[in-house]
Amino acid sequence: MRLTARSLTARSFLPAVLALTVAATGCAPQDDPPAAGTPAGTSGPASASGCAAGGLATETRGKLTVGTDKPAYAPWFEDDDPASGKGFESAVAYAVAKALGYGADQVVWQTVPFNNSFAPGSKSFDFDINQVSISDERERAVDFSSGYYDVRQAVVALKSSPFAGAKNAAALKGAKLGAQVGTTSLDTIDEIIKPSRQPAVFQKNDFAKSALRNGQVDAIVVDLPTAFYITSAEVTDAKVVGQFAGSSGDAEQFGLVLDKGSALTSCVTRAVDTLRADGTLAALEKRWLSDAVDVPVLK
């Protein structure tokens, strides 16, 4: 609740008015002093941006509610436990929370199906983190923070597949491909590969992986870190065929999802930008995500 400034009663004494006018020339309004511990020249936690540390207008006062899907897949989360702080997106969520002034014990996780996170309608989370790519279409329904991860899409096929040696998108045109519904992985199939066969669409990546393992599809498209994890830990007789430089000619990024018009969007974006600028995001990516070294680019 904001306090209303008290009105001052005007006085009609001319001498007093003249005296105050003269005094005012040497008494310009003074800025409020910075908060304790705030470096000179920077704003304190209660700055004009409204991003008061730990005091944002969140879903639950004093808490930060973060949404993600279940299961929460590696390498984004470990052991299907978003609250562990392990895995790239779990670590990013807690880093953003800290930047906003919320400790780990003030973060509350909520299960939100992938497609629900960016569907139209009010949200019950403060932000959602679940490998959601920023797009113009999605931004008509929700807000996004600035990007926290630069995405590459990749093709995964069984080592025995005739498509395992594909060097470009043209070599994949005759393949039966699969991807999760509502994802940029599916967009990559439709807009870049443009296969001659209708792609298989799955509600979850788990179903896509099962289809690959059982030979129901020739290859699946997923983001590159997920491709590394699939081939190293889940479908070990599969390989990463290659990666794409980007979707539709634009750099693809994952962003945190917020309610449309959320009062938190600018604060969350500032937190992400700070983590990128100070090297935190790069350090977390290096720790939790595999390198793209030696994975050919499919053109």
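All of the points below concern the structure found in this document. (Residues numbered from 1 in each chain as written. Predicted model: local features only at pLDDT ≥ 70, side-chain atom pairs only at ≥ 80, totals over all residues. Heavy atoms only, no water.)

Overview of helix 9 (residues 280-288)
- Those residues of helix 9 lying buried are Leu281, Leu284 and Trp288. All buried residues of helix 9 fall inside an arc of 65° around its axis, so they share one side.
- Among the structural elements, helix 2 (88-99), strand 4 (142-151) and helix 8 (265-277) are those in contact with the buried residues of helix 9. (Buried < 20%, exposed > 50% of the residue type's maximum accessible area, 1.4 Å probe, protein only. Helix = DSSP H or I, 4+ residues; strand = E, 2+ residues; numbered from the N terminus. Arc of directions from axis to C-beta. Contact = heavy atoms within 4.5 Å.)

Describing the environment of Asp218
- Checked against the element boundaries, Asp218 lands in the loop between helix 6 (205-213) and strand 8 (219-223).
- Each C-alpha atom, one on Asp218 and one on Phe163, is 7.2 Å from the other, the two residues being 55 residues apart in sequence.

Some thoughts on the pattern of salt bridges
- Taken as a whole and assessed by the stated rule, the structure comprises six salt bridges.
- A salt bridge links Asp218 to Arg197; its shortest N-O distance comes to 3.7 Å. Of this pair, Asp218 sits in the loop between helix 6 and strand 8 while Arg197 is found in the loop between helix 5 (184-193) and strand 7 (200-202), placing the two residues 21 residues apart along the sequence.
- For Arg197, a relative accessible area of 40% corresponds to the partly exposed category.
- One salt bridge in this structure joins Glu234 and Lys209, with 2.9 Å as the shortest N-O distance. On the criterion of sequence distance, the pair formed by Glu234 in helix 7 (residues 224-234) and Lys209 in helix 6 is long-range, its members being 25 residues apart.
- Beyond isolated ion pairs, a larger network of salt bridges with shared partners links Asp206, Lys209 and Glu234. (Salt bridge = Lys/Arg side-chain N within 4 Å of Asp/Glu carboxyl O.)

Here we look at the side chain of Ser133
- Structurally, the position occupied by Ser133 is in the loop between strand 3 (127-128) and helix 4 (136-139).
- Relative accessible area serves as the criterion here: at 1%, Ser133 is assigned to the buried category.
- Of note is the side chain of Ser133, whose polar atom sits 3.3 Å from the side chain of Thr184.
- Residue contacts for Ser133: discarding those within four places in its chain leaves Arg138, Phe144, Thr184, Glu252, Gln253 and Phe254. (Polar contact = N/O pair within 3.5 Å; in protein donor to acceptor, adjacent residues only side chain to side chain.)

Some words on helix 6
- Among all positions of helix 6, only Asn205, Ala208, Lys209, Ala211 and Leu212 are buried. Buried residues of helix 6 fall within an arc of 160° about the axis and therefore sit on the same side.
- Contacts from the buried residues of helix 6 go to strand 5 (153-158), strand 6 (177-180), strand 7, strand 8, helix 7 and strand 9 (238-243).
- A positive backbone phi angle near 80° is found at Gly215, which sits one or two residues after helix 6.

Comments concerning the state of the cysteines
- For the structure shown, the criterion picks out one disulfide.
- Note that Cys51 is cross-linked by a disulfide to Cys267, the S-S spacing being 2.1 Å. The S-S bond linking Cys51 to Cys267 shows a torsion near -95°; that makes this disulfide left-handed. One end of the pair, Cys51, is in the loop between helix 1 (14-24) and strand 1 (64-68); the other, Cys267, is in helix 8, and 216 residues separate them in sequence.
- Taking the relative accessible area as the measure of exposure, Cys267 reaches 3% and is therefore buried. (Disulfide = S-S within 2.5 Å.)

So, the pairing of strand 6
- Alternating positions in strand 6 separate into two faces, Leu177 and Ala179 on one and Gly178 and Gln180 on the other, with burial throughout.
- For strand 6 and strand 8, the ladder comprises two bridges, and the chain directions are parallel. Each residue of the ladder has a partner; that of Leu177, found in strand 8, is Ala219.
- Of the pairings in the sheet, the one linking strand 6 to strand 7 comprises three bridges and is parallel in character. In the sheet register, Ala179 faces strand 7, and the bridge partner there is Val201.
- Tracing the backbone out of strand 6, into helix 5 and back to the parallel element strand 7 gives a crossover that is right-handed. (Pairing = 2+ DSSP bridges. Right-handed = clockwise from strand over helix to strand, strands pointing away.)

As for the packing of helix 2 against helix 8
- For the pair helix 2 and helix 8, the least separation of the axes is 9 Å and the interaxial angle reads 110°. The angle between helix 2 and helix 8 falls in the class roughly perpendicular. Crossing angle aside, the handedness with which helix 2 passes helix 8 is right-handed. In this structure, helix 2 uses Ala95, Val96 and Ala99 to contact helix 8, whose residues at the interface are Val268, Ala271, Val272 and Leu275.
- Class assignment for the residues of the contact of helix 2 with helix 8 results in seven nonpolar, no polar and no charged. (Axes fitted to C-alpha atoms, helices over the stretch in contact; angles between N-to-C directions. Parallel < 35°, antiparallel > 145°, perpendicular 65-115°, else oblique. Left-handed = near helix turned anticlockwise from the far one by under 90°. Nonpolar A, V, L, I, M, F, W, Y, C, P; charged D, E, K, R; others polar.)

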